[in-house]
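# Reading the structure
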Amino acid sequence: MTFRKLITGGSMAALLCLTCFSPVHAVAQAEAVPAPGNGRSEVALSALSESFRQVDQELKAARALLKTKLAADEQARTEEQVQSLGAKREALLKDLELVVTGVEPQSFTAPAGLEMDLQQETRELLLPIIQELKQLTASPREVEGLRRKLAELRQRHQLAETAQQKLEEQMKLSADPTLKPLLGELLVEWKKRQNDAETELAVAEFKLEELEVKRGGVMGALKDVAQGFFRQRGRNLLLACAISLLIFGGMRLLWQRLNKLPALRRKNRSFGVRIAVVGYHGLSLLLAVFAVLLVFYLAGDWVLMGLAVLFLIGIAWTGKQTLPAMYEQIKLLLNLGSVREGERVIYNGLPWEVRTVGIFSELRNPALHGGHIRLPLRELTALISRPDEDEVWFPCTADEWVCLSDGTHGKVVTQTPDWVQLVLLGGSRRTYPTQMFLQLCPENLMKSFRVRSVFGIDYRHQSISTTEVPQKLKTHMERELRTLIGADHLKNVSVELSEAGSSALNYTVLADFSGEVAQRYSFLSRAIQRLCVDACNQNGWNIPFDQLTVHRGEPTLP
């Protein structure tokens, strides 16, 4: 009989499979059933033969009983038994057909269009989970039920005691011969109720005490729940998580090896290669999820299987809100989005070269120390790249001299994506956040640079201000600057009358130098002013000072 139940269970499993697949798949599955003739089929046929013999005997006896005169209730019960035995015989016949032929009878009777009752399917999916939750909370619910019952019994006991006291008082006060026997009967009834309440209360208190001792308090209950979970479900859960992580980690390690291939490290990868990369990452995730479901399926743990399916359904349901973002990310992975590999993008105010676009994208700035960052794919969706036209990646490099708009003149010693540090003349160091450093518009002095200085002479030299003065001042400047820094470092000197000011004739002195003397930028600015004063002293030119002219009005007549 046990084996017959197993055969029947196998038949029901086959029927469930038929409800989930089309008839074509059902036929294919039926063809996969092993043919009769092996040892298992012989045992099954023997069990089926015994079952048929027993069912036929019971059916014959029931039908014979129906021919006799029976009471109405026995007649109905016997007819119901005959119908049950007939249905059982039909099920056994189907099992016999399956064992002998190896073909499911439903393969030829299944309808073309299978209808699915969504409510029934959902109920069957959630039923193991609900039963498991009921089993886990059985002890706490029993304790809570006993506590509520105790509160109710105490209240009933108190009411019975109060009623008994009032009846006793009334019997003492009453002298009516008609009421006194009735009050006595009521008193006996209420005493009985009080005794019943006391008995039930004592039994309930004993049950609650025994249950709490058995549970061992709150910690004992938690321990029992934890032990029960890990003994039944925890092992399957840990095994599923371990296998899933092993598969996902193995796929990631394999990807790190594959990512070193020239075809994947190439700057401009083909569209087919990008499709393969996206497919590989998607396959890694699907295999990890499938491993979890497969472990639960093989372990027969339908509770965890149902929870996993509900979790996946929840992710799919919430995923509809993120579909636009996922679409943009897939476009980026295929190099069809707003950011593309090999192009230039601005991130946090700095230019970066997009090396690779992936789950974690790589950005590189070759001009910065440590100029290599990894960004999650979602960060790239808000950026826009453009082709690189051989542009500079940073206005300077380490060991170059710069001049900032705040007047700072120093040598760059460190530049990273976070900080830029300068060494000033004298040895002190000044550190700027990289974005602030760029906002100060650094002027790089290493190629060549120009020093501009303004100098003025008195108006009494107005007659020679456009001829003799510029020529002599330029000659003096060239001679003295070559002496100070060397002829190779001085490129050009020009002196021009730039303005006829209110108090002086102002000249602009422009001196161009090579980058080798960039560290003497501040010195050269001061030296030009000193050389202008020396030229005035040599040529007898007066240097004016600011003058204030006062015009006196006409005197007022008395």
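The present account deals with the structure reproduced in this document. Predicted model only: the values in this text are computed from it and were never measured.

Procedures and definitions
- Residues numbered from 1 in each chain as written.
- Predicted model: local features only at pLDDT ≥ 70, side-chain atom pairs only at ≥ 80, totals over all residues.
- Heavy atoms only, no water.
- Helix = DSSP H or I, 4+ residues; strand = E, 2+ residues; numbered from the N terminus.
- Buried < 20%, exposed > 50% of the residue type's maximum accessible area, 1.4 Å probe, protein only.
- Pairing = 2+ DSSP bridges.
- Axes fitted to C-alpha atoms, helices over the stretch in contact; angles between N-to-C directions.
- Contact = heavy atoms within 4.5 Å.
- Phe/Tyr/Trp six-rings, centres within 6.5 Å; stacked < 30°, edge-to-face > 60°.
- 1 Å grid on protein atoms, 1.4 Å probe; cavity = no way out; pocket = protein on both sides within 12 Å on 5 of 7 lines; lining within 4 Å.
- Points joined across faces, edges and corners; volume = space filled by probe spheres on them.
- Nonpolar A, V, L, I, M, F, W, Y, C, P; charged D, E, K, R; others polar.
- Salt bridge = Lys/Arg side-chain N within 4 Å of Asp/Glu carboxyl O.
- Core = buried A, V, L, I, M, F, W, Y, C linked by side-chain atoms within 4.5 Å.
- Parallel < 35°, antiparallel > 145°, perpendicular 65-115°, else oblique.
- Left-handed = near helix turned anticlockwise from the far one by under 90°.

### A short note on unusual backbone geometry
In this structure, Asp390 is a non-glycine residue whose phi angle is positive, near 55 degrees. As for its placement among the helices and strands, Asp390 is situated in the loop between strand 5 (385-386) and strand 6 (401-403). A relative accessible area of 78% means that Asp390 is categorised as exposed. The phi dihedral of Cys441 falls on the positive side, at around 50 degrees, and the residue is not glycine.

### Structural notes on the sheet that holds strand 12 (residues 490-500)
Reading across the sheet, the 3 strands line up as 11-13-12 and stay open at both edges, with antiparallel pairing between neighbours. Looking at strand neighbours, the two that pair on one side only are strand 11 (448-457) and strand 12, the edges of this open sheet. Looking at each pair of strands side by side, their axes are set apart by 20 degrees on average, direction ignored. Strand direction decides the pairing type here: strand 12 and strand 13 (residues 505-514), joined by 9 bridges, are antiparallel. Note on strand 13: the bridge partner recorded for Ser494 is Leu510. Packing of helix 16 (residues 468-485) onto the sheet brings it into contact with strand 11, strand 12 and strand 13, and relative to strand 12 it is tilted by some 145 degrees. Sheet contacts for helix 17 (residues 521-539): strand 11 and strand 13; angle to strand 11, the most-contacted strand, approximately 35 degrees.

### A look at the packing of aromatic side chains
The relation between two aromatic rings is expressed through the spacing of the ring centres and the mutual angle of the planes. All told, the structure shown has 5 aromatic pairs when counted by the stated rule. Geometrically, the ring pair formed by Phe394 and Phe437 is stacked, given 6.0 Å between the ring centres and 5 degrees between the ring planes. Highlighted residues: Phe394 in the loop between strand 5 and strand 6 and Phe437 in helix 15 (residues 434-439), separated in sequence by 43 residues. By relative accessible area, Phe437 is classed as buried at 0%. Their ring planes at 55 degrees and their centres at 6.3 Å tell us that Tyr432 and Phe437 sit as a pair that is tilted. Here Tyr432 and Phe437 have matching classes, each one buried.

### Some remarks on the side chain of His461
In this structure, His461 sits in the loop between strand 11 and helix 16. The residues touching His461, leaving out its near neighbours within four places in the chain, are Gly540, Trp541 and Asn542.

### Brief notes about empty space enclosed by the protein
A water-sized probe, rolled over the atoms, reveals where empty space remains. All told, the structure shown has 1 cavity of 30 Å³ or more when counted by the stated rule. In this structure, the largest cavity occupies an estimated 30 Å³ of space. If you go around the largest cavity, the residues you meet are Arg269, Arg274, Val277, Val278, Leu333 and Val357. Among the elements that line the lining of the largest cavity, the one with the most residues is helix 11 (residues 271-299), at 3 residues. Here the residues of the lining of the largest cavity are counted per class, giving 4 nonpolar, no polar and 2 charged.

### Side note on the pattern of salt bridges
Pairing between side chains of opposite charge can happen when the charged atoms of each approach one another. Using the criterion set out here, one finds 15 salt bridges in the structure. The salt bridge involving Asp534 is made with Arg530; its shortest N-O contact spans 3.7 Å. Of this pair, Asp534 and Arg530 are both found in helix 17, 4 residues apart, which corresponds to roughly one turn of the helix. You can call Arg530 partly exposed: its relative accessible area is 41%.

### Digging into the pairing of strand 3 (residues 360-364)
Of the strand pairs in this sheet, strand 2 (residues 350-356) and strand 3 are connected by 3 bridges, and their pairing is antiparallel. Bridge pairing in strand 3 places Val354 opposite Leu363. Direction of pairing for strand 3 relative to strand 4 (residues 372-376): antiparallel, over a ladder of 5 bridges. Residue pairing across strands places Arg364 opposite His372, the latter belonging to strand 4.

### A short note on the environment of Gln170
Looking at the element boundaries, Gln170 is found in helix 7 (residues 138-173). Here the alpha-carbon distance between Gln170 and Lys180, two residues 10 residues apart in the chain, equals 8.8 Å.

### A short note on the nonpolar core
With 30 residues, the main nonpolar core has Phe449, Met477 and Phe513 as its most contacted residues. At the level of secondary structure, the elements contributing two or more residues to this core comprise strand 6, strand 11, helix 16, strand 12, strand 13 and helix 17. With 7 residues, helix 17 is the single largest residue contributor to this core. When sequence neighbours within four positions are dropped, the list of residues in contact with Phe513 reads Ser448, Phe449, Val451, Leu481, Ile485, His489, Leu490, Lys491 and Leu524.

### What to know about the environment of Leu440
In this structure, Leu440 sits in the loop between helix 15 and strand 10 (443-444). Classification of Leu440 by relative accessible area gives buried; the value is 17%. It is 5.7 Å that separates the C-alpha atoms of Leu440 and Leu404, two residues lying 36 residues apart in sequence. Ignoring anything within four residues of it in the chain, the contact list for Leu440 reads Leu404, Ser405, Asp406 and Tyr432.

### Observations regarding the pairing of strand 8 (residues 419-424)
When a strand is regular, its side chains alternate between the sheet's two faces. Here strand 7 (residues 409-415) runs beside strand 8; their pairing, made up of 5 bridges, is antiparallel. Paired with Val412 across the bridge in strand 8 is Leu422. In this antiparallel pair of consecutive strands, strand 7 and strand 8, the connection spans 3 residues. Pairing between strand 8 and strand 9 (residues 429-433): 5 bridges, direction antiparallel. The residue bridging Trp419 from the neighbouring strand is Pro433, located in strand 9. In sequence, strand 8 turns back onto strand 9 through a hairpin of 4 residues, with Gly426 there showing a positive phi of about 110 degrees.

### What about the packing of helix 11 against helix 12 (residues 302-319)?
Two elements in contact, helix 11 and helix 12, have axes separated by 8 Å at closest approach and are oriented at 155 degrees. Considering their axes alone, helix 11 and helix 12 lie roughly antiparallel with respect to each other. Note that helix 11 runs across helix 12; the crossing there is left-handed. Only Trp302, Leu304, Met305, Ala308 and Leu312 of helix 12 make contact with helix 11, whose side of the interface consists of Val289, Leu293, Phe296 and Tyr297. Looking at side-chain class alone, the contact of helix 11 with helix 12 contains 9 nonpolar, no polar and no charged residues.

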